[in-house]
Amino acid sequence: MQKTVSLTVNGKPVSATVEGRTLLVQLLREQLGLTGTHVGCDTSQCGACVVHVDGEAVKACTLLAVQADGHSVLTIEGVATGDTLHPMQEAFRNNHALQCGFCTPGMVMSALDLVKNNPNPTEREIREYLEGNLCRCTGYHNIVLAIAEGAAVMRGEPAPNVYGTAAE
Amino acid sequence: MATIGTPVRRREDFRFLTGGGTYTDDINRPGQLYAYILRSQHAHARIGGIDTAPAQRSSGVVAVYTGQDMTADGVGGLPCGWQIHSKDGSPMAEPPHPVLAVDRVRYVGDPVAVVIADTLALARDAAELVNVNYAEEPAAIDPVAALQPGAPQVNSEASGNLCYDWQLGDLAAVESAFAKATRIVRLDLANNRLVPNAMEPRAAIGEFNRATGEYTLYTTSQNPHVIRLLMGAFVLHIPEARLRVVAPDVGGGFGSKIYHYPEEAIVTWAAGKVHRPVKWTAERSESFISDAHGRDHVTHVELALDAQGKFLALKVSTVANLGAYLSTFAPAIPTYLYGTLLAGTYTTPAIYCETKAVFTNTVPIDAYRGAGRPEATFVLERIVDLAADEIGMDPAELRRRNFIPKDAYPYQTPVALQYDSGDYAATLELALKAADYQGFESRRREAMGRGKLRGIGIATYIEACGIAPSAVVGSLGARAGLYESAEVRVHPTGSVSVLTGTHSHGQGHETTFSQLVADTFGIPIDNVEIVHGDTDKIPYGMGTYGSRSIAVGGTAIVKAMDKVIAKGRKIAAHLLEAAEADVEFKDGKFTVAGTDRSRTLGEVALTAYVPHNYPIDELEPGLDETAFYDPKNFTFPSGAYIAEVEIDLETGQVAVVNFTASDDFGRIINPLIVAGQVHGGLAQGIGQALLEGCVYDKASGQLLTGSYNDYAMPRADDLPTFALSTNTTLCTHNPLGVKGCGEAGAIGAPAAITNALVDALKPLGVRHLDMPATSEKLWRTIQQHRAPIAAE
Amino acid sequence: MYEFNYHQPTSLDEVARLLGANEEAKIVAGGMTLVPTLKFRLAKPSDLVDLVGISSLRGITDAGDALVIGAMTRHAEVERSPLVKQGIPALAALAHVIGDPAVRNRGTIGGSISNNDPAADYPAAVVGLGGTVQTTRREIAADNFFTGMFETALDRTEIVTAVRLPKPQAACYMKFKNPASRYAIVGVFVARTGGGVRVAVTGAGPCVFRVPEMEAALARSFTPDAIKDIAIPQDGLNSDIHASAEYRAHLVGVMARRAVAGCG
């Protein structure tokens, strides 16, 4: 079954023809060329594919493209403003919260979802919220620091700068 | 501004944080087709025949190929890069490893056929129509059972499934020391089989240009030149000049992306057949049965001590599982990366190790983060802890008594290695203090009041990194050199490109290497570009594994920069009308000593490329130098880890409540990146100790832990915040004094956690626990040991 | 995935028509179990009928002594709902430990109970609270709704529209998670209600079940100690690489006692 879907992706209206079985992540990566959203597993657990649909974090590997018809999708490509990183992205950078970068888009999208629902999360709450995001590189230590910093900056507080990093 | 030693933020982060990375699966080539690989669902079966006709006719299918098609086309088997010899001098059994199975499948996941179609979905639809006539045979799954007489035979070339029976060390000296010992401590243990699970699944795109006859392979590799050599020379017979291998952004490796895999050869060969690009991307469940696994040892260890607790001798006997075929570097892991590490941080004068490597009907096993060294560390640090318990000595004190003293370097171990530097006692003291080791017993008591058994565990480790020199590894059976290359290309206006043979798949080379260059040349980091991962661009290099990038690759960059500076001094001397000997290079300037006359690197570079006023009779134009560096020795990072755990008495569930790591990595270029490497290694080590482990059905050979639903990956809420510190002694034989940091956490953590668990269970009389220490395993252990206590 | 036709009807009548016309059609609610199943080609429906467009199936209403939760209400809505936090806080807490945040943003209560995965969380709450499942045809008491592993009392074309959950005096859900999948190895929902104490267990067996012996003991004395000597027989319990039947039986006792303690 071919179907034409129309949706908003990163603020721009797009249309595409998909099969019933086309996953949202396939539409994004293969048809719209938005390859920042990754696929790291086939059991909906790794979270590398997390995007926002109508402002809520979802796993784009577990949603059909047709289910996003008429909805608004935000991917990692739409988070920064031009060359200016979002405070959460900046916090990931300050805290070396990414290594190979593969899980990173999903981590950032989940982090933003967390802060939307809980602007001042504790370390425990951050760790629990990441239940659906696997990272094999960082041991999560710096991701947890980054999300705490990103949340603080989004609340209007200064960045803690745990590592004393400076602009290069 | 000096950047070495400062936490410079990573240059690669911007692209990864904005979705701008380019991983292999992000690449799409014009006219690209998709490959689906049909894999064996049987652990062991004869292939009676394969009917591909219905699949060939299926919608969108361009081609279906089997092992016979590839063999008929002259495609060779996958080569092994290391040859081990047995005790009796005979070479290891080396069975052929066809790219696609020909007459027999030997593990669940063994590739059998490839379907190439317009879309992946169509390829997969058609794969269901490929009819393979299997005749199932009994399978050898358990490595110890596979060595027993009458066990099913995996490969006819390896009688009794034995690949080799290797030894290292002086058995007579060990036996004599055992005869004199006051106490002998014995333990049987296993090192659990793991799946590396880099978050990016492997992928490969093959491409063939009919006009030029050139092949290109995009692949998720840690070492593109090694893949080009192995695939070009041994499998597809394509000369280097007509084969380009590109490893773009790679989403983690941990060893699993070192090896030359069948899929790389399949897509490259098939692209040449169908004259269109062919793409393959693993699904995660496919990764579980096609990525090389790690570890899987069964070991008996004995330690002899004298009355003062000094170690007299160590004897280790190991059965190592290799899986169904030899993966690229598999034979080296349970031998020269394992037995040689059994001295650890201790002065044990006599050591003997023997390893029987065995084929089984399981996924091939090869190096996974640490590779041999975590297994050696686990053996050693468990037996040391057990010895401390048996002689009633504090485990920290027993270690202190046996540490190699800091004034003993260079220190020759009885298992072939010569350590160049270290200070293990100081590193341990640093960790003990940071972990408040002294105050532990009150924490144990407090936890008991909450129904928790709390324990503390120490592990020290040493690793051999920056693997080399080539002559030494060659004499030990390596079929490749282990140097590294670098080209430093100073452009006419003074910006610099560094072409390195190492590969970054998370390690942050674009930042660390840039720091090296920026500091040496006195230029801003932004003026430095690091190029890696493309055999058409970079000089022949060996890639990244074994924590070698900074120690070997970084040194190659230093050597190339030295050449640039040497040439630059000549040019500057000419420009400044001074003697070359009087020109020094400092802070980005060539200066006549004792004067203010100088030329910047940029000025010298411009002169080199616009040689109007130039010593053209003595010097060639240009400022572009290549260096190959072959180290004189391994580097020896070391450390002391302390874990603190709590076990829920009622459920057996474990929480890691504190983890302290003190490491000696030599000089640290970027502390931010080093901390990240330690964190990640610790997570994998804690994962091995508590969560991860492959379970095969012993009868059917099915992998029961074949997805994230059953293979427990460490998550954020499984892990604590880590407390890190470093105690630095410099490596003595490379100019940077660096040792490497990539594997440390994975090496030291399993033993630290297990020692902590056994310590927690000490009141119950438990002497050992195998990994992973799952809740049920702990609950059962508590039940079994409680019963006699209750009865008393 | 095999290819299928996708439908997004806006009325239950239209759903009935689509299901009636296509023998091999399947209903999709949140899709958090179905889509992964389709990806592994473990099911081959001709048609997918998505209930997302039927707005009447979504929402939480306070019916005085009970909450009525629409079938298409997502776990995240239950988790964050002030009505649920007020009326049945244990249910909000349970919703908070289902899957992960992204799954909770899509998964629905109706989908969860209709699928009746033996390790799902919601069946424990629906049975533990003595709820009633409202369908397109009838009302089914929770005790009669969950009939076996992945089986319910629903006919093929019958759809859950809402779940009515009486507000308990106190309740608590304790979950022992599978370290890999994070589903329940054992989950125990304990509720003290006007009609007595209910203890419902998920994860341990092929289908959610009650433990009458514990309920009786707790009715006499609502304390953890009251059930400490009650052994759960391991016969018929699930056994896999993560937990044997014996361990699960033991965990039922531990989680039940902790749930009683958690009722405060």
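Residues numbered from 1 in each chain as written. Chains lettered and ligands numbered in written order. Predicted model: local features only at pLDDT ≥ 70, side-chain atom pairs only at ≥ 80, totals over all residues. Heavy atoms only, no water.

**Observations concerning the overall build of chain C**
In terms of helices and strands, chain C carries eleven helices and 14 strands. Radius of gyration (C-alpha) of chain C: 18 Å, near the 18 Å computed for a compact globule of 264 residues. Taking the intrachain contacts of chain C between residues at least 6 apart in sequence as the baseline, contacts between residues at least 24 apart amount to 58%. Approximately 9,800 Å² of chain C is accessible, and the part contributed by carbon and sulfur atoms is 50%. Distance from the positive charge centre (27 side chains) to the negative charge centre (26 side chains) of chain C: 5 Å. (Helix = DSSP H or I, 4+ residues; strand = E, 2+ residues; numbered from the N terminus. Rg over C-alpha atoms; globule rule 2.2 N^0.38 Å. Contact = heavy atoms within 4.5 Å. Areas by Shrake-Rupley, 256 points an atom, 1.4 Å probe, with all protein chains shown as cover. Lys, Arg positive; Asp, Glu negative; His and termini not counted. Charge placed at Lys NZ, Arg CZ, Asp CG, Glu CD.)

**Quick notes on the interface of chain A and chain C**
Contacts between chain A and chain C engage 25 residues on the former and 30 residues on the latter. For the chain A and chain C pair, buried surface summed over both sides reaches about 2,500 Å², with 53% attributable to carbon and sulfur atoms. Between the two partners, chain A and chain C, sit three salt bridges. The shortest N-O distance in the salt bridge between Lys59(A) and Asp100(C) comes to 2.6 Å. Applying the counting criterion to the chain A and chain C interface returns ten residue pairs in polar contact (both at pLDDT 80 or more). For the side of chain A that touches chain C, the secondary structure elements donating two or more residues are strand S4 (56–59), helix H3 (104–117) and helix H4 (123–129) of chain A. Among the elements that make up the side of chain A that touches chain C, the one with the highest residue count is S4(A) (four residues). (Buried area = accessible area lost by both parts, 1.4 Å probe. Salt bridge = Lys/Arg side-chain N within 4 Å of Asp/Glu carboxyl O. Polar contact = N/O pair within 3.5 Å; in protein donor to acceptor, adjacent residues only side chain to side chain.)

**Some details on the interface of chain A and chain B**
With 52 residues of chain A at the contact, the number on the chain B side is 55 residues. Roughly 4,700 Å² of surface becomes buried between chain A and chain B when both sides are summed, with 55% attributable to carbon and sulfur atoms. Linking chain A with chain B are five salt bridges. A salt bridge links Asp26(B) to Arg29(A); the shortest N-O distance between them is 2.8 Å.

**With respect to the domain arrangement of chain C**
All names here are of chain C. The domain boundaries assigned to chain C delineate domain 1 (5–166) and domain 2 (170–262). Between the C-alpha centres of domain 1 and domain 2 the distance comes to 23 Å. Between domain 1 and domain 2, the contact holds 23 residues from the first and 19 residues from the second. Interface of domain 1 and domain 2: buried area, both sides summed, is about 1,700 Å²; carbon and sulfur atoms make up 63% of it. Inspection of the region where domain 1 meets domain 2 yields three salt bridges. Taking the shortest distance from any N to any O, the salt bridge between Arg198 and Asp143 comes out at 2.8 Å. Summed over the shared surface of domain 1 and domain 2, the number is ten residue pairs in polar contact (both at pLDDT 80 or more). Every element with two or more residues in the side of domain 1 that touches domain 2 is listed here: helix H5 (89–96), helix H8 (122–128) and strand S8 (146–148). (Domains from an automatic or database assignment.)

**Some thoughts on the sheet that holds strand S6 (residues 131–136) of chain B**
Residue and element names in this part refer to chain B. The strand order across the open sheet formed by three strands is S4-S2-S6, and the pairing between neighbours is antiparallel. Bordering the open sheet on either side are strand S4 (104–105) and S6, each of which pairs with just one other strand. One ladder, built from two bridges, connects strand S2 (residues 45–51) with S4; its direction is antiparallel. When the bridges of S4 are listed, Ala45 appears paired with Val105. (Pairing = 2+ DSSP bridges.)

**Examining helix H2 (residues 87–94) of chain A**
Since the α-helix turns once every 3.6 residues, residues separated by three or four places project in the same direction. Burial within H2(A) is extensive, with six of its eight residues counted as buried. Here H2(A) has its buried residues at Met88(A), Gln89(A), Ala91(A), Phe92(A), Arg93(A) and Asn94(A). (Buried < 20%, exposed > 50% of the residue type's maximum accessible area, 1.4 Å probe, protein only.)

**With respect to the environment of Asp26(B)**
Residue placement: Asp26(B) occurs in the loop between helix H1 (13–17) and strand S1 (33–39). The spatial distance from the C-alpha of Asp26(B) to the C-alpha of Asp249(B) is 9.7 Å, given a sequence separation of 223 residues. For Asp26(B), the contacting residues outside a window of four places in its chain are Arg29(A), Thr35(A), His38(A) and Gly21(B). At 2.8 Å, the side chain of Asp26(B) forms a polar contact with the side chain of Arg29(A).

**With respect to the nonpolar core**
Counting residues in each nonpolar core, the largest one holds 195 residues, and the members touching the most others are Phe92(A), Tyr419(B), Phe659(B) and Ile753(B). If you tally residues by element for this core, the top one is helix H19 (residues 744–760) of chain B, at ten residues. Every residue in contact with Tyr419(B), bar those within four places of it in the chain, is listed here: Ala343(B), Gly344(B), Ile404(B), Tyr409(B), Pro410(B), Tyr411(B), Thr413(B), Tyr424(B), Ile462(B) and Phe636(B). Ranked by size, the runner-up nonpolar core spans 43 residues in total, among them Val498(B), Leu516(B), Val592(B) and Leu623(B). (Core = buried A, V, L, I, M, F, W, Y, C linked by side-chain atoms within 4.5 Å.)

**Brief notes about the pairing of strand S3 (residues 61–66) of chain B**
Residues and elements named next belong to chain B. Across the six residues of S3, five count as buried, placing the element largely inside the fold. Bridging between S3 and strand S5 (residues 111–117) involves five bridges; their strand directions are antiparallel. Each bridged residue has a counterpart across the sheet, and for Val64 the counterpart in S5 is Val115.

**Describing a nonpolar patch on the surface**
A cluster of nonpolar side chains, namely Leu606(B), Tyr609(B) and Val610(B), defines an oily patch on the protein surface of about 230 Å² accessible area. With respect to the element layout, Tyr609(B) can be found in helix H17 (residues 601–609). (Patch = residues over 30% accessible without salt bridge, like charges linked within 9 Å, V, L, I, M, F, W, Y side chains within 5 Å.)

**Topic: the pattern of salt bridges**
Taken as a whole and assessed by the stated rule, the structure comprises 82 salt bridges over all chains. Asp125(B) is the partner of Arg41(C) in a salt bridge, and the nearest nitrogen-oxygen pair spans 2.6 Å. Taken together, the positions of Arg41(C) in the loop between helix H2 (34–39) and strand S3 (47–50) and Asp125(B) in helix H4 (residues 120–127) put the pair across two chains. The exposure class assigned to Arg41(C) is buried, which follows from its relative accessible area of 10%.

**Focus: the domain arrangement of chain B**
Residues and elements named next belong to chain B. When cut into domains, chain B gives domain 1 (13–137 + 200–251 + 257–288), domain 2 (297–467 + 633–791) and domain 3 (483–629). Inter-centroid distance (C-alpha atoms) of domain 2 to domain 3 is 41 Å. With 20 residues of domain 2 at the interface, the matching set in domain 3 holds 17 residues. The largest share of the area that domain 2 buries against domain 3 comes from Ile669, Ile673 and Leu736, three residues that together contribute 34% of it. Linking domain 2 with domain 3 are zero salt bridges.

**Things to note about H4(B)**
Restricting attention to buried positions, one finds in H4(B) the residues Ala123(B), Arg124(B), Ala126(B) and Ala127(B). An end-on view of H4(B) places all buried positions within 160 degrees of arc, on one side of the element. (Arc of directions from axis to C-beta.)

**Some thoughts on the packing of aromatic side chains**
The way to describe two aromatic rings as a pair is by their centre distance and the angle between their planes. Per the counting criterion, the structure on display carries 26 aromatic pairs over all chains. Centre to centre, the rings of Tyr259(B) and Tyr261(B) are 6.1 Å apart; their planes meet at 70 degrees, and the pair counts as edge-to-face. Overall, Tyr259(B) belongs to the buried group, its relative accessible area being 1%. Ring centres of Phe403(B) and Tyr424(B) lie 6.2 Å apart, and the angle between their planes is 55 degrees; on these two criteria the pair is classed as tilted. Of the two residues, Phe403(B) sits in the loop between helix H11 (395–402) and strand S16 (411–412) while Tyr424(B) sits in helix H12 (residues 424–434), which places them 21 residues apart along the sequence. With a relative accessible area of 6%, Phe403(B) lands in the buried category. Assessed through its relative accessible area of 3%, Tyr424(B) is described here as buried. Every member of this aromatic cluster is reached through a ring pair, and the members are Phe311(B), Tyr346(B), Phe403(B), Tyr409(B) and Tyr424(B). Across from the ring centre of Tyr261(B), 3.5 Å away, lies the NZ or CZ of Arg202(B), which sits over that ring. When the ring centre of Phe222(C) is taken as origin, the NZ or CZ atom of Arg192(C), which lies over that ring, is 4.9 Å away. (Phe/Tyr/Trp six-rings, centres within 6.5 Å; stacked < 30°, edge-to-face > 60°. Lys NZ or Arg CZ within 6 Å of the ring centre and 35° of its normal.)

**Overview of the sheet that holds strand S23 (residues 589–592) of chain B**
Residue and element names in this part refer to chain B. Spatially, the three strands line up as an open sheet ordered S22-S23-S24, and their pairing is antiparallel. Of all strands in the sheet, those bounded by a partner on one side alone are strand S22 (583–586) and strand S24 (598–600). If you compare each strand with its neighbour and ignore which way they point, the axes differ by 20 degrees on average. As judged from the four bridges shared by S22 and S23, these two strands associate in the antiparallel manner. Residue pairing in the sheet places Glu584 in a bridge with Thr591 of S23. Here helix H16 (residues 549–576) sits on the sheet and contacts S22, S23 and S24; the angle it forms with S23, its principal contact strand, is near 50 degrees. On top of the sheet, H17 reaches S22, S23 and S24; it is set at about 75 degrees to S24, its chief contact. (Axes fitted to C-alpha atoms, helices over the stretch in contact; angles between N-to-C directions.)

**Here we look at the packing of H2(A) against H3(A)**
All names here are of chain A. It is the contact of H2 with H3, at a shortest axis distance of 10 Å, that shows an interaxial angle of 125 degrees. Considering their axes alone, H2 and H3 lie oblique with respect to each other. With respect to the hand of their crossing, H2 and H3 are arranged in right-handed fashion. Only Thr104, Met107, Val108, Ala111, Leu112 and Val115 of H3 make contact with H2, whose side of the interface consists of Met88, Gln89 and Phe92. The residue makeup of the contact of H2 with H3, split by class, is seven nonpolar, two polar and no charged. (Parallel < 35°, antiparallel > 145°, perpendicular 65-115°, else oblique. Left-handed = near helix turned anticlockwise from the far one by under 90°. Nonpolar A, V, L, I, M, F, W, Y, C, P; charged D, E, K, R; others polar.)

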